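What follows is each chain in one-letter form.
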Amino acid sequence: MSAVHYESYTEARSHLKDLLDAAEQGRVATVRRDAGRAAVVDVERLRHFLSTVCVSRAQVVAEGGGWSAFIPGLPVAADGATFDEAIGEMLDALREYAEDWQERLQGAPNHRDNWGLVQLISLSDDDQLRDWLVGAAR
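Note that the structure is a prediction, hence the values are computed from the model and not measured. (Residues numbered from 1 in each chain as written. Predicted model: local features only at pLDDT ≥ 70, side-chain atom pairs only at ≥ 80, totals over all residues. Heavy atoms only, no water.)

**Comments concerning the pattern of salt bridges**
For the coordinates displayed, the defined rule picks out four salt bridges. For Arg 32, the salt bridge goes to Glu 7, with nearest N and O atoms at 3.0 Å. In this pair, Arg 32 is assigned in strand E2 (residues 29-33) and Glu 7 in the loop between strand E1 (4-6) and helix H1 (9-14), connecting sequence segments 25 residues apart. Classification of Arg 32 by relative accessible area gives partly exposed; the value is 27%. For Arg 95, the salt bridge is made with Asp 126, and the minimal N-O distance between the two is 3.0 Å. Placement of the pair is Arg 95 in helix H4 (residues 83-105) and Asp 126 in helix H6 (residues 126-134), with a sequence separation of 31 residues. Classification of Asp 126 as partly exposed rests on a relative accessible area of 43%. (Salt bridge = Lys/Arg side-chain N within 4 Å of Asp/Glu carboxyl O. Helix = DSSP H or I, 4+ residues; strand = E, 2+ residues; numbered from the N terminus. Buried < 20%, exposed > 50% of the residue type's maximum accessible area, 1.4 Å probe, protein only.)

**So, the side chain of His 111**
Along the polypeptide, His 111 turns up in the loop between H4 and helix H5 (115-123). Looking at His 111, its side chain comes within polar contact range of the side chain of Tyr 97, at 2.8 Å. (Polar contact = N/O pair within 3.5 Å; in protein donor to acceptor, adjacent residues only side chain to side chain.)

**Points about the pairing of strand E4 (residues 59-63)**
As judged from the five bridges shared by E4 and strand E5 (residues 66-70), these two strands associate in the antiparallel manner. The residue of E5 that forms the bridge with Val 60 is Ala 69. The loop that links E4 with its antiparallel partner E5 comprises two residues; one of these, Gly 64, has a positive phi angle of about 60 degrees. (Pairing = 2+ DSSP bridges.)

**Section: the layout of surface pockets**
A probe as big as a water molecule, rolled over the atoms, marks out the empty space that is left. A volume near 160 Å³ is recorded for the largest pocket. Lining the largest pocket we find Cys 54, Val 55, Ser 56, Arg 57, Ile 71, Pro 72, Gly 73, Leu 74, Asp 113, Asn 114, Leu 117 and Trp 132. Here the lining of the largest pocket is composed, by residue class, of seven nonpolar, three polar and two charged. (1 Å grid on protein atoms, 1.4 Å probe; cavity = no way out; pocket = protein on both sides within 12 Å on 5 of 7 lines; lining within 4 Å. Points joined across faces, edges and corners; volume = space filled by probe spheres on them. Nonpolar A, V, L, I, M, F, W, Y, C, P; charged D, E, K, R; others polar.)

**Regarding the packing of aromatic side chains**
As enumerated under the stated definition, the model contains one aromatic pair in all. The interplanar angle of 90 degrees and the centroid separation of 5.5 Å between the aromatic rings of Trp 67 and Phe 83 together place this pair among those described as edge-to-face. Placement of Trp 67 in strand E5 and of Phe 83 in helix H4 is noted, with a sequence separation of 16 residues between them. Relative accessible area serves as the criterion here: at 30%, Trp 67 is assigned to the partly exposed category. (Phe/Tyr/Trp six-rings, centres within 6.5 Å; stacked < 30°, edge-to-face > 60°.)

Dropping the structure here:
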């Protein structure tokens, strides 16, 4: 089977099943709208890809009788009495960052390149995000 391209929203809407089937199968699936073109991609495929290209770089350190977690270059940090508590707080902080990015940071020069990270955060459940943050083997 080949790629699926629709030249209008109306055409894509009338072939929605074919468009979604192509995306689920990993085939190229696009829709043109005005001067732009959008790709339709299966969520799990996109999430898996982003988890491989967006390297976590998270650092977790023991300090002051507890644990601190942060990602250099991001305004995201968390503390906890235990390692797992610090990681849980970090997941919350990452989700808050993703919301802030969607609402107001996406155009800021020091945040606009975090699109992939925000997508990864938003498309991941807590277990997936934890595995990305600290590695699958905890």
